[in-house]
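Residue-level listing of the chains:
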Amino acid sequence: MPLVEALNAKVFILTGGPGVGKTTAVKSLLAILKKLQGCSLRIALCAPTGRAAKRLSETTGWPDKTIHRLLEFDPKAFRFKHDQANPLPADLLIVDEASMLDIVLMNNLLKALPSQAALLLIGDVDQLPSVGPGRVLADLIESGKTPTARLTEIFRQAACSRIIVNAHRVNQGQMPLPTPEDSELSDFYFVEADSPEAIHDKILYLVTERIPKRFGLHPVRDIQVLTPMHRGGVGRRR
C-alpha cells in the first residue's frame, strides 16, 4: 500500500499520470497523520508554481506555498532566508508537481530541510521536464534508490474526461480515442488535416465559429491556441 510505505519512509515518491488519485492519496495521508499526531507534527506543503500550490491547497484543505515563498527568497541579498543555518520549521515536507523541479531549486530546498524531517515528492514524470537544468524527479525514480509508488488506475470520475483517458493512451503508445459521433459534449476532439494550410484554416474556423457556437465561449477571451513552433504554416507567426 503506497500510504503505508509513505508513512514509514524518510523520503518517498508518489508518481502517476492525471486522474490516478495522487491528490486523494495526499489528502488521506494528511488525515492519517493528523489523527495519529494531532497538532504536534509540523507539515509544510509547497509546489514550484503559484497555480499548483493553490490547487493543492484547495483540494487538501491545508495551507500551501510556492517553494520560493516557503524558502523566503530575499531579492536584496538574492538568496533564500532558509538554508542549513536557518532550516524550515517542518517535520514533513510535501512537494507537489515535483517534475518541474530543477537541480538548483532542489538543492536549495534540500539544504533548508531539517535533518529529522521527512520528504514526500509528488509528480508525473511523463510531463515536460523542468525549464532549468536537470530531471530531478525522473532521475530519482530511475536510480532505484528512492522508495516509489506509481499509481496507474484511472478513477471513475477522471475516466469521464477524454483528455485524461487519451493522455494515458498516448503514453502507452496507443492512438487517442476518436471524437464521439453522438451529440454529447466532450473535452477532447481530434480534427484531421492533411497540410499546414488546411490546419491553419480549420483552426481559424474552430476558434471563430465552431467552438464559440458549440460551447458559448468568446473567441478572444476564452480560447487559447497552442502551436508546435514559432514560425511556419502552423506556427504562431506565419
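Refer to the structure presented above.
Procedures and definitions
- All residue numbers refer to position in the chain's written sequence, counted from 1.
- Whole-chain, interface and lining totals are the exception, using all residues; otherwise, since this is a predicted model, local features are given only for residues with pLDDT of at least 70 and side-chain atom pairs are given and counted only at 80 or more.
- In computing side-chain properties, one takes all heavy atoms of the structure into account and sets aside hydrogens as well as water.
- Secondary structure elements follow DSSP: runs of H or I no shorter than four residues count as helices, runs of E no shorter than two count as strands, and numbering proceeds from the N terminus.
- Put simply, a patch holds well-exposed residues, over 30% relative accessible area, that have no salt bridge, with like charges counted together within 9 Å and Val, Leu, Ile, Met, Phe, Trp or Tyr side chains within 5 Å.
- Where accessible areas are quoted, they stem from the Shrake-Rupley method and a 1.4 Å probe; at the residue level, only the protein chains shown are allowed to cover.
- Salt bridge, as used here, is a side-chain nitrogen of Lys or Arg placed within 4 Å of a carboxyl oxygen of Asp or Glu.
- What counts as a ring pair is set by centres within 6.5 Å for rings of Phe, Tyr and Trp (its six-membered ring), and what kind of pair is set by the plane angle: stacked under 30 degrees, edge-to-face over 60, tilted for all other angles.

1. With respect to unusual backbone geometry
If you check the backbone angles, Phe78 has positive phi at about 55° while not being a glycine. When you line up the elements, Phe78 lands in the loop between β4 (73-74) and β5 (79-80). If you check the backbone angles, Glu97 has positive phi at about 50° while not being a glycine. Note that Glu97 resides in the loop between β6 (92-95) and α5 (103-111).

2. Quick notes on a nonpolar patch on the surface
Together, Leu185, Tyr189, Val191, Phe215 and Leu217 give the surface a local cluster of nonpolar side chains, amounting to about 410 Å² of exposed area. Along the chain, the position of Leu217 falls in the segment after α9 (196-215).

3. Considerations on the packing of aromatic side chains
Within this structure, the stated rule accounts for three aromatic pairs. Arranged with centres 5.4 Å apart and planes meeting at 70°, the rings of Phe73 and Phe80 form a pair that is edge-to-face. Measuring from centroid to centroid gives 6.2 Å for Tyr189 and Phe215, while their planes differ by 70°, and the two rings are edge-to-face. Residue Tyr189 is found in the loop between α8 (162-171) and α9, and its partner Phe215 is found in helix α9; the two are separated by 26 residues along the sequence. Among the aromatic side chains, those forming a connected cluster through ring pairs are Phe73, Phe78 and Phe80.

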